[in-house]
Amino acid sequence: MEEKHFETNAIRAQFERSENNEHSVPLYLTSSFVFDEAEDMRAAFNDESDAFIYSRYINPNNNEFINKVCLMEGAEAGFATASGMAAIFTTFMSQLSSGDHVISCSSVFGATHAIFNKYFPKWNISYSYFHTNDVDAIESLIRPTTKFIYLETPTNPAIELIDLALVNAIAKKHNLLLIVDNCFATPYLQQPIKYGADLVIHSATKYMDGQGRVLGGIVAGRADLVKDIYLFGRLTGPSLSPFNSWVLSKSLETLALRMERHCENALFVAQKLEGHSALENVSYPFLDSHPQVDIARKQMKAGGGIITITLKGGQAAASKFLDGLKMIKISPNLGDARSIATHPASSTHCKLTPEERATVGISDGLVRISIGLEHREDILNDLLQALDA
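Computed from a predicted model, the values in this text were never measured in an experiment.

(A) Representation of the packing of aromatic side chains. Under the defined criterion, the tally for this structure stands at 19 aromatic pairs. An angle of 70° between the planes, with centres 6.0 Å apart, marks the rings of F116 and Y129 as edge-to-face. Remark: Y129 occurs in strand β3 (residues 126-130) and F116 occurs in helix α5 (residues 110-119); sequence separation between them is 13 residues. Relative accessible area serves as the criterion here: at 0%, F116 is assigned to the buried category. Since its relative accessible area comes to 26%, Y129 is described here as partly exposed. One aromatic cluster in this structure is built from F92, F116, F120, Y127, Y129, F148 and Y150. One Lys or Arg, R297, reaches over the ring of F286 and ends 5.9 Å from the middle of that ring. Over the ring of F268 we find R376; its NZ or CZ atom is 4.1 Å from the centre of that ring.

(B) Structural view of a nonpolar patch on the surface. A contiguous nonpolar patch, built from L27, L29 and F243 and spanning about 290 Å² of accessible area, is present on the exposed surface. Given a relative accessible area of 40%, F243 falls into the partly exposed group.

(C) Focus on the side chain of T308. Mapped onto the fold, T308 is located in strand β9 (residues 306-311). Residues in contact with T308, not counting those within four places in the same chain, are P157, I159, N281, V282, S283, L366, V367 and R368.

(D) Up close: the pattern of salt bridges. Applying the stated criterion across every chain yields a total of 13 salt bridges. Residue K173 is joined to E139 by a salt bridge in which the shortest nitrogen-to-oxygen separation is 3.1 Å. With K173 in helix α7 (residues 164-173) and E139 in helix α6 (residues 138-141), this pair connects stretches of sequence that are 34 residues apart. Judged by relative accessible area, which is 59%, K173 ranks as exposed. Note that K298 is salt-bridged to D163, the shortest N-O span being 2.6 Å.

(E) Fine view of helix α11 (residues 255-273). Along its 19 residues, α11 runs 26 Å from first to last C-alpha, staying within 8% of the 27 Å computed at 1.5 Å per residue. Among all positions in α11, only L255, A256, R258, M259, H262, C263, N265, A266, F268, V269, A270 and L273 are buried.

(F) Highlighting the nonpolar core. Counting 63 residues, the largest nonpolar core has F65, L273, I307, I309 and F321 as its most contacted members. With nine residues, the single largest contributor to this core is α11. With residues near it in sequence (within four places) discarded, F321 still touches I309, L311, V367, I369, L383, A386 and L387. Membership of the second largest hydrophobic core comes to 40 residues, among which are F120, I125, I149 and A197.

(G) How the structure looks around the sheet that holds strand β10 (residues 329-330). What the five strands build is an open sheet, ordered β8-β9-β12-β11-β10; its pairing is mixed. If you trace the sheet from one side to the other, it starts and ends with β8 (279-283) and β10, each paired once. Bridge count for β9 against strand β12 (residues 366-370) is five bridges, and the pairing is antiparallel. Of the residues in β12, the one forming a bridge with T308 is R368. Packing of α11 onto the sheet brings it into contact with β8 and β9, and relative to β9 it is tilted by some 20°. Sheet strands touched by helix α13 (residues 314-324): β9, β10, β11 (340-342) and β12. Its angle to β9, the strand with the most contacts, is close to 125°.

Rules behind the numbers
- Residues numbered from 1 in each chain as written.
- Predicted model: local features only at pLDDT ≥ 70, side-chain atom pairs only at ≥ 80, totals over all residues.
- Heavy atoms only, no water.
- Phe/Tyr/Trp six-rings, centres within 6.5 Å; stacked < 30°, edge-to-face > 60°.
- Helix = DSSP H or I, 4+ residues; strand = E, 2+ residues; numbered from the N terminus.
- Buried < 20%, exposed > 50% of the residue type's maximum accessible area, 1.4 Å probe, protein only.
- Lys NZ or Arg CZ within 6 Å of the ring centre and 35° of its normal.
- Patch = residues over 30% accessible without salt bridge, like charges linked within 9 Å, V, L, I, M, F, W, Y side chains within 5 Å.
- Areas by Shrake-Rupley, 256 points an atom, 1.4 Å probe, with all protein chains shown as cover.
- Salt bridge = Lys/Arg side-chain N within 4 Å of Asp/Glu carboxyl O.
- Contact = heavy atoms within 4.5 Å.
- Expected span 1.5 Å × (residues − 1).
- Core = buried A, V, L, I, M, F, W, Y, C linked by side-chain atoms within 4.5 Å.
- Pairing = 2+ DSSP bridges.
- Axes fitted to C-alpha atoms, helices over the stretch in contact; angles between N-to-C directions.

On their own, these measurements won't tell you what the molecule is for.
Dropping the structure here:
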């Protein structure tokens, strides 16, 4: 079969047409599927056929969404879930046992940190953090019980970068799995499997949807690992609904176009904000001033749609800035067509202690801005008027 480009796969990878010969894949709003004969049902339940059984297991709309993401990521198989955190939790629980140990970058999404900190101890699972600037420390953290290395790059919300090839070399040397949250970059900008990752996770709620409409998650990677994830998900039920799968699959058709504009707008805004008298720092992966810009340019096609700014004056200044925004709204979401601002220290990462936040670069003055698809001058002007108020 002729190999197609990313954009073509995003549009042309569809579930097979029905006898109605529809142009766009229909919604399969059904809880279960029927069988012509008892033997057909027996074969399906015994994994002797690929027949659909029950939408908690898999559904034609899930199937199309998963196949598209696998093509985009270069993955062998995938499993779709009801949210990004469901994808993370299902992946962890399918791969870990009591007594296992995990190594993770310290800068992770707040809910992921909560799983490590609050729930892993209940199941006798331990974890160790390494700082994004100290990848060499990973080897010193490895134990006989270490199962995998987990990381985000770029990280949420500090926009730090981790060299995927370097971490993969460590993982393979010690026979560890490498699991990467690729949500900020999307498969259009970065494909961790090309750098050796075994599994890649996305909150499809973000850029894959792109318009703040539905929740969804997906994990893709090695078929043998995904089989375990699928079986765990099939039993525990974090399924992605057929409707959300349909929405996400259609949204992927425009992912490349949207990410190009997100990246163009974000770089423009970040460059214009650098040096503003109200700011201590502006962070964006493709800014020349970013300390890990070389890593970003090596493994990413462009810098993504997220910037952070750190206001002088801490939380009071950050709150005043957020309240002064007129077009841009305050929301914990990101990856939307509409620009969004968030104060991580008081919202998405509020469960971290002040010391933990400081360790991962989340100061009280830091604001995460998801740069949308509006005209870049309008985005910039709204940010400037709020900064100058």
